[in-house]
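# Structural overview for review
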Amino acid sequence: LKFGLATGGTDPRSTKQTLQDSFQTPDIRLDYAFAHQRLSNQWTLFGGKMKNPLWRPSDLLWDSDIKPDGVGVTFQNQTLGIKWTITGGYFILDERETTINDPYLVAIQPKIDLNINDTTKARFALGYYLSQNLKGTTLDHSANSNTLDSSGLEKEFASIVISGQLDIKDQLGLPLIRPFGEIVSNTNTTSNSKGAIAGVKFGDKKVKNFGQWQSKISYRHLEADAWLDTLPDSDAYGGATNTKGIELALTYGLSETTNIGLNYYSMENINGTKNKQSLVQFDLNFKF
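Basis of the calculations
Residues numbered from 1 in each chain as written. Predicted model: local features only at pLDDT ≥ 70, side-chain atom pairs only at ≥ 80, totals over all residues. Heavy atoms only, no water. Pairing = 2+ DSSP bridges. Helix = DSSP H or I, 4+ residues; strand = E, 2+ residues; numbered from the N terminus. 1 Å grid on protein atoms, 1.4 Å probe; cavity = no way out; pocket = protein on both sides within 12 Å on 5 of 7 lines; lining within 4 Å. Points joined across faces, edges and corners; volume = space filled by probe spheres on them. Nonpolar A, V, L, I, M, F, W, Y, C, P; charged D, E, K, R; others polar. Buried < 20%, exposed > 50% of the residue type's maximum accessible area, 1.4 Å probe, protein only. Polar contact = N/O pair within 3.5 Å; in protein donor to acceptor, adjacent residues only side chain to side chain. Contact = heavy atoms within 4.5 Å. Core = buried A, V, L, I, M, F, W, Y, C linked by side-chain atoms within 4.5 Å. Salt bridge = Lys/Arg side-chain N within 4 Å of Asp/Glu carboxyl O.

Moving on: the pairing of strand 6 (residues 104-115). Put simply, side chains in a regular strand alternate between the two faces of the sheet. Note that strand 5 (residues 82-92) and strand 6 share 10 bridges and pair antiparallel. For Gly88, the partnering residue across the bridge sits in strand 6 and is Ile108. Bridge analysis of strand 6 against strand 7 (residues 120-132) gives 10 bridges, and the strand direction is antiparallel. Residue pairing in the sheet places Leu105 in a bridge with Ser131 of strand 7.

This is the structure:
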């Protein structure tokens, strides 16, 4: 059994806590609590409010703060030096008191890991995500950027996602260079159904000591109905779909337990009024 606590409110895409309201005592909330049972060297079962079991090289589709509710299974094996994993999940999106047909999302993600040579590793995944009972409903914490009709969401989602990254070590004077990307296509609609992100991380493999650093630059393009608008990174235009733009990030180590981070987003709408937005975010992170 694993569990964790976090600050913040009811928004599943943010654990940020604003200091306000005349020294009001902030809430501590349940961040995750789930059972994690390893059945063998190959099979693992888990269920509850869990850390996201799906591999995500970027935050185009999933905000890193989201902890899905549901059950899942992972099977892993190794053949001819290739490690491969299949992860499946059944995630409950909401509970409706007036019907037994609660909205849910089914996910399946095969993934492979390859050692190309002594300095380069590759990881690729193909995911399929199918929603049920979402048509005609509106979820809490929606960014209101998916297409709606008079009763709620116009259609279900059936999104195919291709994900990949390369880890190139100790080249060009850098411990790590990591190109990454994802492509998404919602096959249940014919318009505004595509999305993609491409970027690169570079610097130290991890920021754990003074002077270590890691930087990232990426460009994203996520059309209105490519993906459910309750899930993407909340710092990228409020987590909305129908957006495009760049992200620049830098993390710098101050000690073994402390680092600072700087993120810059420059985003705008793809269709409709452009309404360009820029966000600068500064973080001071402590580990204890």
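On we go from here.
Enumeration according to the criterion identifies 3 cavities of 30 Å³ or more in this entry. Estimated volume of the largest cavity: approximately 70 Å³. Taken together, Thr137, Thr138, Leu139, Ser142, Asn144, Ser145, Asn146, Leu148, Leu153, Leu228, Asp229 and Thr230 form the lining of the largest cavity. Grouping the constituent residues of the lining of the largest cavity by class yields 4 nonpolar, 7 polar and 1 charged.

Of the pockets and cavities examined, the largest pocket occupies roughly 1,600 Å³. Residue lining of the largest pocket: 42 residues in total, with Ser64, Thr251, Asn263, Asp283 and Asn285 positioned closest to the centre. A breakdown of the residues in the lining of the largest pocket according to their chemical character gives 11 nonpolar, 13 polar and 18 charged. Approximately 680 Å³ is the volume attributed to the second largest pocket. Around the second largest pocket sit 29 residues that line it, and Thr10, Pro12, Lys49, Lys67 and Asp69 are the ones nearest its centre. Broken down by secondary-structure element, the contributors of at least two residues to the lining of the second largest pocket are strand 2 (29-38) and strand 5. Grouping the amino acids of the lining of the second largest pocket by side-chain chemistry returns 12 nonpolar, 7 polar and 10 charged.

Right, let's get into the side chain of Asn52. On the secondary structure map, Asn52 appears in the loop between strand 3 (43-49) and strand 4 (69-79). Judged by relative accessible area, Asn52 falls into the buried class, the value being 11%. Within the structure, the side chain of Asn52 is placed 3.1 Å from the backbone nitrogen of Leu54, a separation counted as a polar contact. Filtering out sequence-adjacent residues up to four positions away, Asn52 remains in contact with Trp62, Ile66 and Pro68.

What follows concerns the nonpolar core. Generally speaking, a soluble globular protein has its nonpolar side chains buried in company with each other. In terms of nonpolar packing, the biggest core is built from 26 residues, with Leu61, Trp62, Tyr129 and Trp227 touching the most fellow members. Once residues lying within four places of it in the same chain are set aside, the contact partners of Leu61 are Val161, Glu182, Val184, Leu222, Trp227, Leu231 and Pro232. Core analysis: the next-biggest nonpolar cluster, separate from the first, contains 5 residues, Ala236, Ala240, Tyr265 and Met267 among them.

In this section: the pattern of salt bridges. This model, assessed by the stated rule, comprises 8 salt bridges. The partner of Arg178 in a salt bridge is Asp167, with the nearest N and O atoms 2.5 Å apart. One end of the pair, Arg178, is in strand 11 (residues 174-186); the other, Asp167, is in strand 10 (residues 158-171), with 11 residues separating them in the sequence. Residues Glu247 and Lys216 are paired through a salt bridge, measuring 3.5 Å at the closest nitrogen-oxygen approach. Of this pair, Glu247 sits in strand 14 (residues 243-253) while Lys216 sits in strand 13 (residues 213-222), and the two are 31 residues apart along the sequence.

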